[in-house]
Amino acid sequence: MAISLLEDETLKFWDRLIVGAKVTIDSIEKEFPIFLKEIQGNTLKIFVELESEIGHITHAVIIDMHGREVRYKTMNINKGEHGLMVTFFLAIEIKEGTVNG
């Protein structure tokens with residue numbers, strides 16, 4: 001099924017609006033840039049790379065250009081010296097309907 005113009009433009013809007021992430025490692029919240037964003041079908045995929053950080057990861061959140069939390073994840077990962085990619089998925093589906101009343 002082809003993605004509608006409205007869905008496509010809404011995903012592009014979110015792509016421009018989301019600018020960073022905050023990740024809680026060992027009870028300390030740290031800011032990270034977005035590593036990569038890509039639109040596939042009706043889904044915006046957002047990747048946040050944690051490369052050299054070491055510790056217990058409990059939360060991750062993506063934020064918009066106004067500092068608002070867009071999507072929040074609770075995690076329980078003990079990260080060692082190897083890299084880790086935190087991934088968020090924002091899918092949109094617009095349905096046509098009628099309202100009575």
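Residues numbered from 1 in each chain as written. Predicted model: local features only at pLDDT ≥ 70, side-chain atom pairs only at ≥ 80, totals over all residues. Heavy atoms only, no water.

**Details of the side chain of Thr58**
Rules: Numbering of helices and strands runs from the N terminus; a helix is a DSSP stretch of H or I covering at least four residues, while a strand is a stretch of E covering at least two. Throughout this description, a polar contact denotes any pair of N or O atoms lying within 3.5 Å of each other; where both atoms belong to protein, one of them has to be capable of donating a hydrogen while the other can accept it, and for residues adjacent in sequence the pair is counted only when both atoms sit in side chains. In what follows, residue pairs with any heavy atoms lying within 4.5 Å of each other are defined as contacts.
Of note, Thr58 is situated in strand 5 (residues 55-64). Of the polar contacts made by the side chain of Thr58, one reaches the side chain of His59; its length is 3.1 Å. What Thr58 contacts, discounting residues up to four positions off in sequence, is Thr24, Lys73, Thr74 and Met75.

**A few points about the pattern of salt bridges**
If charged atoms from side chains of opposite charge come close, those side chains can pair. How we decide: The term salt bridge refers to a side-chain nitrogen of Lys or Arg lying within 4 Å of a carboxyl oxygen of Asp or Glu. Remark: exposure states derive from per-residue accessible area (1.4 Å probe, protein chains only) relative to the maximum for the residue type, with buried under 20%, exposed over 50%, and partly exposed in between.
Counted by the stated rule, this structure contains four salt bridges. Where Lys12 meets Glu9, a salt bridge forms, and the shortest distance between an N and an O atom there is 3.6 Å. Linking Lys12 with Glu9, this pair stays in helix 1 (residues 5-17), spanning three residues, or about one helical turn. Overall, the relative accessible area of 33% leaves Lys12 in the partly exposed class.

**Description of the environment of Met65**
By the secondary structure assignment, Met65 is in the loop between strand 5 and strand 6 (69-79). Expressed as a C-alpha distance, the spacing of Met65 and Lys37, which sit 28 residues apart in the sequence, is 15 Å. When near neighbours in sequence (up to four residues on either side) are disregarded, Met65 contacts Arg16, Leu17 and Val19.

**A few points about the packing of aromatic side chains**
To be explicit about the condition: Here a pair means two rings of Phe, Tyr or Trp (six-membered ring of Trp) with centres within 6.5 Å. Their orientation is stacked below 30 degrees between planes, edge-to-face above 60, and tilted elsewhere. The criterion for a charge sitting over a ring is simple: Lys NZ or Arg CZ within 6 Å of the ring centre, and within 35 degrees of the ring normal.
Going through the model one piece at a time under the given rule, you end up with one aromatic pair. An angle of 80° between the planes, with centres 5.7 Å apart, marks the rings of Phe13 and Trp14 as edge-to-face. The class of Trp14 is partly exposed, set by a relative accessible area of 31%. Lying over the aromatic face of Phe88, Lys73 brings its terminal NZ or CZ to 5.0 Å of the ring centre.

**Observations concerning the nonpolar core**
This is how it is decided: In plain words, nonpolar cores are sets of buried Ala, Val, Leu, Ile, Met, Phe, Trp, Tyr and Cys residues tied together by side-chain atoms within 4.5 Å.
Ranked by internal contacts, the top residues of the largest apolar core, which has 19 residues, are Ile46, Val48 and Ile62. Breaking this core down by element, the ones donating at least two residues are strand 1 (18-25), strand 4 (43-50), strand 5 and strand 7 (84-91). Setting aside residues no more than four positions away along its own chain, Ile46 makes contact with Ile18, Ile34, Leu36, Lys37, Ile62, Val86, Thr87, Phe88 and Leu90.

**Some points on the sheet that holds strand 5**
Each strand in a sheet pairs with another by means of backbone hydrogen bonds, the pair being arranged parallel or else antiparallel. Our working definition: When DSSP finds two or more bridges between two strands, those strands count as paired. Inter-axis angles, ranging from 0 to 180 degrees, are taken between N-to-C directions of lines fitted to C-alpha atoms, where helices are fitted over the stretch in contact.
Strand order in the open sheet made by the four strands is 2-1-5-6, with antiparallel pairing throughout. Two strands close off the open sheet at either side, each with one partner strand: strand 2 (28-33) and strand 6. Ignoring strand direction, the axes of neighbouring strands in this sheet form an average angle of 20°. When strand 1 meets strand 5, the two strands line up antiparallel, connected through seven bridges.

**Re a nonpolar patch on the surface**
To be explicit about the condition: Residues enter patches when they are more than 30% accessible in relative terms and free of salt bridges; like-charged ones are connected within 9 Å and nonpolar ones (Val, Leu, Ile, Met, Phe, Trp, Tyr) within 5 Å. To measure how exposed things are, a 1.4 Å probe is used in the Shrake-Rupley method; for residues, cover is taken only from the protein chains shown.
On the surface, Phe35, Leu36 and Met85 cluster together into a nonpolar patch covering about 270 Å² of accessible area. Judged by its relative accessible area of 37%, Leu36 is partly exposed.

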